[in-house]
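Listed below, chain by chain, are the residues.
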Amino acid sequence: MRALIRFLRRGPGGAIDQKDKLYDGEAVTLGRATDQVVQCKDRRVALAHARILLRAGQPVVLCHVPGGVLVNGTLQREARLRPDDTVTLGANVLRILEPPDGCDLAFSFELDAEAHAGDVAPESLRLRLADLGFAKRRWSWALFLGVLLVALAIPTAGVRSPAVQATLRGGFLPDDHFWSPGPLGRVHEALSTRCEACHEQPFQRVRNEACLACHATNLHQHADASATAEDGTTCSGCHSEHQEPATLVRDDPAACVNCHRDLKAVSPATEVTPRVTDFAADHPAFALPARAGSGLTFPHDLHLDKSGVRSAAGDTVLGCDDCHVPEPGGARFRPLQMQRDCGDCHLLDFDPAYPARFVPHGDAQAVTAFLVDYYSRRFLESYADPLAGPVVVRRAGPKPSSAERERLLRDAREQAGRVTRDLFERRSCSQCHVVTRSGPSAGDFKVEAVEIRTTWLSNAKFSHAAHGTALTGCETCHQALRSKSATDVLLPAIATCRECHAGGDARSTPVNRITSTCILCHDFHAVKEPLWPAAAQVP
Amino acid sequence: MLAYRGSRYLWVALAVSVTAIAAYAWHSPDVPPNGGTWLGLALGTLAAALILWLMSFGIRKRAYASNAGTVQGWLSAHIYLGASLLVVATLHAGFQVGWNVHTLAYALMWIVVVSGVFGVFVYVRYPQFLSSNRASQTTAQLLGDLADLDMRCLRVAGDMPAEFGEALRSNRDRTQLGGTAVALLAGHDRSRVVLPAGHAGGGGLSLRQVANPEQAAVLDWLGERLAASADGARSRKLQELLSLVGARRTLLGRLRRDAQLKAWLEIWLYIHVPLSFGLLAALLAHVLAVFIYW
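The structure presented is a predicted model; accordingly, all values stated were derived computationally and were not measured. In this numbering scheme, every chain counts its residues from 1 along its sequence in written order. Here every chain gets a letter starting at A, and every ligand a number starting at 1, in the order they are written. Local features in a predicted model are, by the rule used here, given only for residues with pLDDT of at least 70; side-chain atom pairs are given and counted only at 80 or more, and totals for whole chains, interfaces and linings are based on all residues. Excluded from the side-chain calculation are hydrogens and water; included are all heavy atoms of the structure.

Draft legend 1. Main features of the layout of surface pockets. Residue and element names in this part refer to chain B. If you add up the space inside the second largest pocket, you get close to 1,200 Å³. Lining the second largest pocket are 40 residues, with F57, H78, L269, H272 and V273 positioned closest to its centre. Sort the elements by how many residues they give to the lining of the second largest pocket and helix 5 (residues 101-134) lands first, with nine residues. In this classification, Asp, Glu, Lys and Arg are treated as charged, Ala, Val, Leu, Ile, Met, Phe, Trp, Tyr, Cys and Pro as nonpolar, and every other residue, Gly included, as polar. The class makeup of the residues in the lining of the second largest pocket is 27 nonpolar, nine polar and four charged. In this analysis the probe radius is 1.4 Å and the grid spacing 1 Å, with only protein atoms considered; a cavity is a set of points the probe fits into but cannot get out of, a pocket is an open set with protein on both sides within 12 Å along at least five of seven lines, and lining residues have an atom within 4 Å of a point. Grid points are joined across faces, edges and corners, and a volume is the space filled by probe spheres set on the points. Numbered from the N terminus, helices here are DSSP runs of H or I no shorter than four residues, and strands are runs of E no shorter than two.

Draft legend 2. Broad picture of the sheet that holds strand 1 (residues 2-10) of chain A. Residue and element names in this part refer to chain A. Strand order in the open sheet formed by seven strands is 2-1-12-11-10-7-8, and the pairing between neighbours is mixed. Both outer strands of the open sheet, strand 2 (16-24) and strand 8 (74-76), are each paired with one neighbouring strand and no more. Pairwise comparison of adjacent strand axes, ignoring direction, gives a mean angle of 30° for this sheet. With two bridges connecting them, strand 7 (residues 69-71) and strand 10 (residues 86-89) associate as antiparallel partners. Note that in strand 10 the partner of L70 across the bridge is T88. Pairs of strands are assigned from DSSP output, requiring at least two bridges between the strands. Whenever a helix is involved, its axis is fitted only over the stretch in contact; in every case the axis is a line through C-alpha atoms, and angles between N-to-C directions fall within 0 to 180 degrees.

Draft legend 3. Region of the structure containing the sheet that holds strand 6 (residues 58-63) of chain A. Residues and elements named next belong to chain A. The five strands lie next to each other as 4-3-5-6-9, forming an open sheet whose pairing is mixed. At either margin of the open sheet sits one strand with a lone partner, and together these are strand 4 (38-39) and strand 9 (78-80). Across two bridges, the pairing between strand 3 (residues 28-31) and strand 4 is parallel. Bridge assignment links L30 to a residue of strand 4, and that residue is V38.

Draft legend 4. Fine view of helix 10 (residues 232-292) of chain B. An ideal rise of 1.5 Å per residue puts 90 Å on 61 residues; helix 10 of chain B measures up with 88 Å between its terminal C-alpha atoms. A residue's bend is simply the angle between two axes: one fitted to the seven residues ending at it, one to the seven starting at it. In the structure, helix 10 of chain B departs most strongly from a straight axis at W264(B), where the bend amounts to approximately 25°. Expected span of a helix: the number of residues minus one, times 1.5 Å.

Draft legend 5. Representation of the interface of chain B and chain A within the structure. Every contact between the two is made by 59 residues of chain B and, on the other side, 61 residues of chain A. What gets called buried area is simply the loss in accessible area from a 1.4 Å probe that two parts show on being joined, summed for both. For chain B, the biggest contributors to the area lost against chain A are Y270(B), Y293(B) and W294(B); these three give 15% of the whole. In the sections that follow, a salt bridge refers to a side-chain nitrogen of Lys or Arg positioned within 4 Å of a carboxyl oxygen of Asp or Glu. Our count for the contact surface shared by chain B and chain A stands at one salt bridge. The partner of E266(B) in a salt bridge is R128(A), with the nearest N and O atoms 2.4 Å apart. Whenever two N or O atoms come within 3.5 Å, that pair is a polar contact, provided that in protein one can donate a hydrogen and the other can accept it, and provided that, for residues adjacent in sequence, both atoms are side-chain atoms. Seen at the junction of chain B and chain A, the total is eleven residue pairs in polar contact (both at pLDDT 80 or more). Elements with a minimum of two residues in the side of chain B that touches chain A: helix 5, helix 6 (139-156), helix 8 (181-186) and helix 10 of chain B. Among the elements that take part in the side of chain B that touches chain A, helix 10 of chain B stands out by supplying 25 residues, more than any other. A breakdown of the residues in the side of chain B that touches chain A according to their chemical character gives 36 nonpolar, 14 polar and nine charged. Pairs of residues are marked as contacts when any of their non-hydrogen atoms sit within 4.5 Å.

Okay, structure coming up:
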C-alpha cells in the first residue's frame, strides 16, 4: 500500500511546520522501536505497538499490545479507519486525512501538546518488597548479633563467673545447658544442672580427677583410686556421656579384645596368658577343679531319687529347690545350714522316750557337754522339763543323799558317753560326716571340717535369676542327678554355656542364640586385680 | 545456573555426598555416631568450610574485577554444594538432635538451604511468566498507561455531574497496588473507592467507601447509572467510561501480577541471606561451645 504521512509540528504563535513523506510497503508500523515506520517516542508506547494495513481496500489499524490504541477516544484492538478518525498512541496523535490520488492512506502525525508524559510511579504505590520495609542487611546484622548474644555471649558469661552462672541457671536466659549436645545417662541426671562437675576448665578435656571426685569412694571396690592418666587411660575414653542412646558403659567387644588378643604385648608382667577374642571362637575353658574338697558324705542322686526319700513326714520326693533357696536378688543361693535345710529329715534325736529333744549341731564338744547335762538332770530329777513330755514324777521319798547324788551323776555321765559314741560312730553324725577319735575319753570325737564352696569362677558374674526359665531347669547345667559324691564339681563346662551364648558379633550370631559380648559376664574394673595397680604398696 | 558446563557441579556435589554416606556406613564407632568421633570431626570441618565458602558467594558476586572463575560458575557450585551440605551436616551430627545450640545451627542451615532451593525454583520458572505478562512493556510503561487512562477518565467526566468526577478521582487515588507484603505476594487487590450512597437521582450527598477489587464497585456503579440513564449523550459518555475503567482493570491486573511475580522472585532472598548470617553466628557458637566444654 502507499501511504502519505504528514509530520506536523506546532510551533509558538500557532505556526505549523509540516513535512510530507510517502511510504510504500505492506503496512505502516507504529511503535517506539527504531525500525517502525512511524516512531512514537513515548514511554507508554510499546516497541511494536500497532500497524495500519489495508483490508479489502480499507485501512485498518491493528494493535499488538493488549492495552489497545485509542481510536476516537475509545480503546480498540482493531478498528477500521476513515478520514477524520483520530488514533492516539500515548501523546502521539494520528489524524486520518482524505488520501490523495495514488495513495491508499493519508494521515497526519503530531505530538499532542495537551497530553503530558504521565507520571511513572507515584510514590504512594509500594510495589517492591524493599518498599515495604524488607531489608536484608538490617535483618542480617540483627540475626548475626542476636544469635551470637543468645548462643555464645550469655552462656560464656556464665562460664566465666559463678555468680552470673547462678543467675542464668535460675532464670529464663540461656545458660550453658544450652550447649549440652545430648542427655546425660540416667545415673548422672543430678549433674545436668552442674556442668562444672565434669567440665572443670574451659578448653580442657574432662580429667580423670573430675570423675574420681565422686567415684573415688566406691571405686576402690573396682579399681585403684590413686590411678591417674599417666598411662594415657582416661575414664572418658570408655565412659562417654551426652550420647543418644546413653552409652555410659561400653559394651562392645573391641574394648576388651584390643588388649586381650595379645595381653603380653600390652602388659609384659601379666599372668593372664590365653588369647581371647570371642566367646564362641577362642574363650578358654572354665577354670574348674576336678574335685571339690567337701568333708561331707552327700549323694545328690539319692536325695533326688524320683521315688522319694524317707522323711519325718513320710516319703517325700525332693527337688533342687527344697534345699537350695535363692538369695535376695536371685544371683546365687543361700549357703546351706544343717538345721534349717537338712533338719527336716536328718533329726538329731537321741532319746526314744523324748524324740523332740535334739543334740546341738556344729560343735562336737558341745554335743558331749549337752548330753552330760541332759542325763544329769534326768537322773537327778531336779526340775520338770516341759520338753520331755509327761512330767517325770519325782521318786517318792526323801532327797537323795550326797553319795546317792554322786552315784547318779556317775551314771548320767556313763549314759551320756554311751549315747555320744552311739551318735558319732553309729547313727546321726557318721551318716554325713567323717568322724575320728581324738582321744581316749568317751566324748573325744573330731569331725572333719566341712568345706562347702559357694563361689565359683569369681572373675565372672552370673545370675541364676536371669537364667531361671522353663527352658533352663537346674539339670540343664548341673548334673546333680548322677552325682554320688559331695566332691563332685557340678558346674557346667563352657560347652554348656555355648549352647545358648554365641560370640560377640551380632551380625554373625545364629538364629535363637544370644549375642554375648565380654562385658555380659566380665566386669572391667576387676575386684581382685585392679587394672591400675596401687602407686604405693600398703604394708 | 543449573546446567553450567554440563552440570559439572551437580556431579561434584553428588560425589561429595556419596563419599560422606559411604564413610558413615563403613565407620562403626564405639559410641553412637556423633560429631566427636574422628569421622564426625572430619565431616564437621568439611561442613564448616562449605558454609564459609557458600557465604563468600556474596563477596565474589560483588568483586567485579575478579578472575576467580565466573560468577555463573560460582552460582552453579553454590546451589549444588549448598544442597550437599544437608547430607554432610546430617551425617556429622550422627542424626542426633536436641534443644541446644548445635541443633539451632542445624535448623538454621536447613531453612537457609530450603529457601535457596525455593529460590532456584522461582528463578527457573517465573521470569517467563513475567515476560508474558508484561507483553513487551516495562513496568514503568504500564504505570504510564495507567496514568493516561486515569487522565482520560477525568476528561470524559469533565462535563458530567460532579459525582462522576469525584468517584473517578477517588478511584484513581485509592487504587492499591501491593501495599502490604501479604497483598503483594497473594496478588490481592485492596483498592477502595468512594461512591455516592443511594440510587441515581437520589438527593442524598452521603458517600460510602467500599472495597473495589478489580474495579468491580466502580463498574457496577457505572453500569447502574447507564441502565438508569435516559439521555443518549449521557449514555455514550457512560459507555466510554465503562470502556476506560474496564481497560484500567486489565492494566491493574497486569501490574498486580507483575508486582506479585517480582515479590516471589525476591522474598526467598530476604530469608536466605539474613538467616545465613544467623547460621554463621550459630556455627561460631557451636564450635566454641564444643571446645569450651570439651
